[in-house]
There are 2 protein chains.
Amino acid sequence: MIDARYQAFDAVVQTRSFEAAARRLNLTQSAVSQRIKLLEAELGQVLLVRSKPVQPTPAGRRLLPYVAQLRLIEAEAARALAGDGAHAPVRLSVGVNADTLATWFLPAVRQVVKEEAVVLDCVVDDQDHTHALLAGGDVLGCVSTRPDAMRGCAVRPLGVMRYLCVASPDFCARHFPRGLTRQALARAPGIVFGRHDDMHDLFLRQHFGLDAGQYPQHVVPSSEGFWAMAAAGLGYGFVPAIQIAAQLSDGTLVDAAPGHAEDIALYWHHWQVQSPLMAKLSDAVADGARAVLAAA
Amino acid sequence: MIDARYQAFDAVVQTRSFEAAARRLNLTQSAVSQRIKLLEAELGQVLLVRSKPVQPTPAGRRLLPYVAQLRLIEAEAARALAGDGAHAPVRLSVGVNADTLATWFLPAVRQVVKEEAVVLDCVVDDQDHTHALLAGGDVLGCVSTRPDAMRGCAVRPLGVMRYLCVASPDFCARHFPRGLTRQALARAPGIVFGRHDDMHDLFLRQHFGLDAGQYPQHVVPSSEGFWAMAAAGLGYGFVPAIQIAAQLSDGTLVDAAPGHAEDIALYWHHWQVQSPLMAKLSDAVADGARAVLAAA
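The structure presented is a predicted model; accordingly, all values stated were derived computationally and were not measured. Chains are numbered independently. Their residues run from 1 in the order of the written sequence. Whichever chain is written first is A, and whichever ligand is written first is 1; the rest continue in order. Only residues with pLDDT of at least 70 are given local features in this predicted model, and only at 80 or more are side-chain atom pairs given and counted; all residues enter the totals for whole chains, interfaces and linings. Only hydrogens and water are set aside when side-chain values are computed; all heavy atoms of the structure are taken into account.

Draft legend 1. Up close: the overall build of chain A. For helices the rule is a DSSP run of H or I covering at least 4 residues; for strands it is a run of E covering at least 2, with both sets numbered from the N terminus onward. Tallying secondary structure elements over chain A gives 13 helices and 11 strands in all. C-alpha extents for chain A along the principal axes are approximately 70 × 40 × 35 Å. The buried share of chain A, taken over its 296 residues, is 51%. Contacts are residue-level and defined by heavy atoms, with any inter-residue pair within 4.5 Å sufficient. Considering only intrachain contacts with a sequence separation of at least 6, the fraction spanning at least 24 residues in chain A is 73%. Accessible surface area values rest on a Shrake-Rupley calculation with a 1.4 Å probe, where residue burial reflects the displayed protein chains alone. Accessible surface, chain A as shown: approximately 13,400 Å² in total, 53% of it carbon and sulfur. The charged-residue count follows a simple rule in which Lys and Arg add positive charge and Asp and Glu add negative charge, with His and chain termini not counted at all. Positions of charges follow a simple convention, taking NZ of Lys, CZ of Arg, CG of Asp or CD of Glu. Charge centroids of chain A, computed over 27 positive and 29 negative side chains, lie 5 Å from each other. Remark: exposure states derive from per-residue accessible area (1.4 Å probe, protein chains only) relative to the maximum for the residue type, with buried under 20%, exposed over 50%, and partly exposed in between.

Draft legend 2. Main features of the side chain of His200(A). All names here are of chain A. Checked against the element boundaries, His200 lands in helix α10 (residues 198-208). Residue His200 is classed as buried on the basis of its relative accessible area, which comes to 1%. For the purposes of these results, a polar contact is taken to be a pair of N or O atoms within 3.5 Å, where, inside protein, one atom must be able to donate a hydrogen and its partner to accept one; residues adjacent in sequence count only when each atom of the pair is a side-chain atom. Side-chain polar atoms of His200 contact the side chain of Tyr236, separated by 3.4 Å. Those residues in contact with His200 that sit more than four places away from it in its chain are Gly190, Ile191, Val192, Tyr215, Gln217, Tyr236, Gly237 and Phe238.

Draft legend 3. Broad picture of the pattern of salt bridges. Residues and elements named next belong to chain B. Criterion for a salt bridge: a side-chain nitrogen of Lys or Arg within 4 Å of a carboxyl oxygen of Asp or Glu. Following the criterion strictly, the structure yields 22 salt bridges over all chains and no others. For Glu40, the salt bridge is made with Arg50, and the minimal N-O distance between the two is 3.0 Å. Of this pair, Glu40 sits in helix α3 (residues 29-43) while Arg50 is found in the loop between β1 (48-49) and β2 (55-56), placing the two residues 10 residues apart along the sequence. For Glu40, a relative accessible area of 11% gives the class buried.

Draft legend 4. Layout of helix α10 (residues 198-208) of chain B. Residues and elements named next belong to chain B. Among all positions in α10, only Met199, His200, Asp201, Phe203, Leu204 and Phe208 are buried. Buried residues along α10 sit in contact with β6 (153-167), α9 (182-185), β7 (190-192), β8 (217-219), β9 (237-240) and β11 (262-271). Phi turns positive, to about 65 degrees, at Gly209, one or two residues after α10.

Draft legend 5. Layout of the packing of helix α6 (residues 105-115) of chain B against helix α13 (residues 276-292) of chain B. Residues and elements named next belong to chain B. Between N-to-C directions, angles span 0 to 180 degrees; the directions come from axes that are lines fitted to C-alpha atoms, helices contributing only their stretch in contact. Put simply, α6 and α13 touch, their axes get as near as 8 Å, and they point 140 degrees apart. Viewed along their axes, α6 and α13 adopt a mutual orientation that is oblique. In this structure, α6 crosses over α13, and the sense of that crossing is right-handed. Two secondary-structure elements touch here, α6 through Phe105, Ala108, Val109 and Val112 and α13 through Lys280, Leu281, Ala284, Val285 and Gly288. Comment on the angle field: the value is read as roughly parallel under 35 degrees, roughly antiparallel over 145, roughly perpendicular from 65 to 115, and oblique elsewhere. In this scheme the crossing of two helices becomes right-handed for a clockwise turn of the near helix relative to the far one and left-handed for an anticlockwise turn of less than a right angle.

Draft legend 6. Just the interface of chain B and chain A, in detail. Listed by partner, the interface residues are 46 residues for chain B and 46 residues for chain A. Summing both sides of the interface, chain B and chain A together bury roughly 3,500 Å²; the carbon and sulfur share of this comes to 55%. There are 12 residue pairs in polar contact (both at pLDDT 80 or more) connecting chain B and chain A. Elements supplying a minimum of two residues to the side of chain B that touches chain A: α5 (98-102), α6, β4 (118-124), α8 (169-175), β8 and α11 (223-231) of chain B. Counting residues per element, the side of chain B that touches chain A draws most heavily on β4(B), at seven residues. Three residue categories are used. Nonpolar comprises Ala, Val, Leu, Ile, Met, Phe, Trp, Tyr, Cys and Pro, charged comprises Asp, Glu, Lys and Arg, and polar comprises the others, including Gly. Tallied by class, residues from the side of chain B that touches chain A come to 22 nonpolar, 11 polar and 13 charged. When two parts are put together, the accessible area they lose, computed with a 1.4 Å probe and summed over both, is reported as buried area.

Draft legend 7. Spatial organisation of the relation of the copies chain B and chain A. The copies were overlaid by least squares, fitting only the C-alpha atoms of residues that reach a pLDDT of 70 or more in each copy. For the pair chain B and chain A, the superposition axis carries a translation of 0.0 Å, the fit reaches an RMSD of 0.1 Å, and the rotation angle comes to 180 degrees. One copy is carried onto the other by what is essentially a two-fold rotation axis. Of every C-alpha in chain B, the one belonging to Ser223(B) sits nearest the axis of rotation, 3.8 Å from it. Both copies share a contact surface, since 98% of the interface residues of chain B are interface residues in chain A too.

Limitation: the analysis is restricted to geometry and does not speak to function.
Have a look at this one:
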């Protein structure tokens, strides 16, 4: 259904090698190479940098969203034609921030994934950067903080993800006996997911005038790691409120900064022209978010 | 304690900007720039690429492990001189694979971190790549699959991390009614953490002759995501045995491939010359691993 030259281009981009693409397509390597040369000649643009691993050129990258759409439509058509159960699963790629993937996203899409025999390809990035994945054709939809639709895309508000600043009760007693003060925060270790945690840094700068480097931080890029550190009383940090209901109610963790919740508004972006399956996934994302996130 | 020119170089590399480095050091931007030019003139090598963000050149990168060591020694000396409690926490950076960070690593080092007022900077990478972080000066120690010591470094065996292939009982009944067969695996969705999951791919190639692209996979780079998918019966996948003892015993998940456990031997690498604090951390890592991982 997809032109053989585009298929070859797609396979090389996916596998990042001519050799692996040839294996996947059951072709010789020179046949793959020949098809791509033909495509480049027709378009008058070089599409691939022949490095290891092979990379798309800027022109190749501009082509990717369209190839991704073609692939999806082809897979769905095959599904529609084949009898039930006989088709290969359709792959839907989505860009999500880590906290979304760790909390409400999979429960939201679970039913669609199961009923429609979809395989999900989740790409994790910062919620301020996921829209670049959509623009680059890496994903078919994304959860982002960007409120406006991109060219050729549509956007739906999902609601607000609330973050609380939490710690164990003994950590609070030891480090914040007089509550959160500039002096206490300059010495109390925070726990952050990555070296550049905007929320943590902004909180300390805006409310306490502390710049990065003026306070200690554990950097622990792992949810389990965060819980292990916080529960052991080694630090405080921001986590989604929906992720810690149990810990707050059993007293393992407490709100260390009452009145300082941070709210992040999230949006679902997708291509305006959606395949039927992708439209179902988009609906499930919007419905699932509405059930869990606060209204913006 | 550290030469002002090296301090300027270090601050620019850390903050990736001359402006932020100047703020951190309480200097003007031109003073920072001047110091780095002096250092470059003395060494006869350009150390920084003046891009946005600023990046070290290959020569700058070769210098980084030594600057990291200097910084650690300075911090520990300040600690030794200051009275107890008056010093800023010492930052120890370590390279770990995600499964290690999610399981035994933080319990192993928890006591040292608490008693010594250390802040941990964990950098997560594939267990086959963490040693490059050590060589590049990004970290002071790392958990790696590499068994031999690198130049200037020492290595200690940690034991074996065992992975089991698990799924929910209903997933097994639906997809593997006759056990794991090539035909069943070509259709049953796996769950992997990243697009290039060596263990999953190798398992299917070695035992069932299936190449990448010949079987469906959910890509879910999130532990919580993995559990949500597996528990909902949407896929099967490999997880560390020490992470799923509870799920195996309460029957939420079962071993889908008995006799097919995969064992990964892990090693702790660190610089031969260790600061006293880093030596304590290394001992805690080795002891903690011995208590949890199987002997190699």
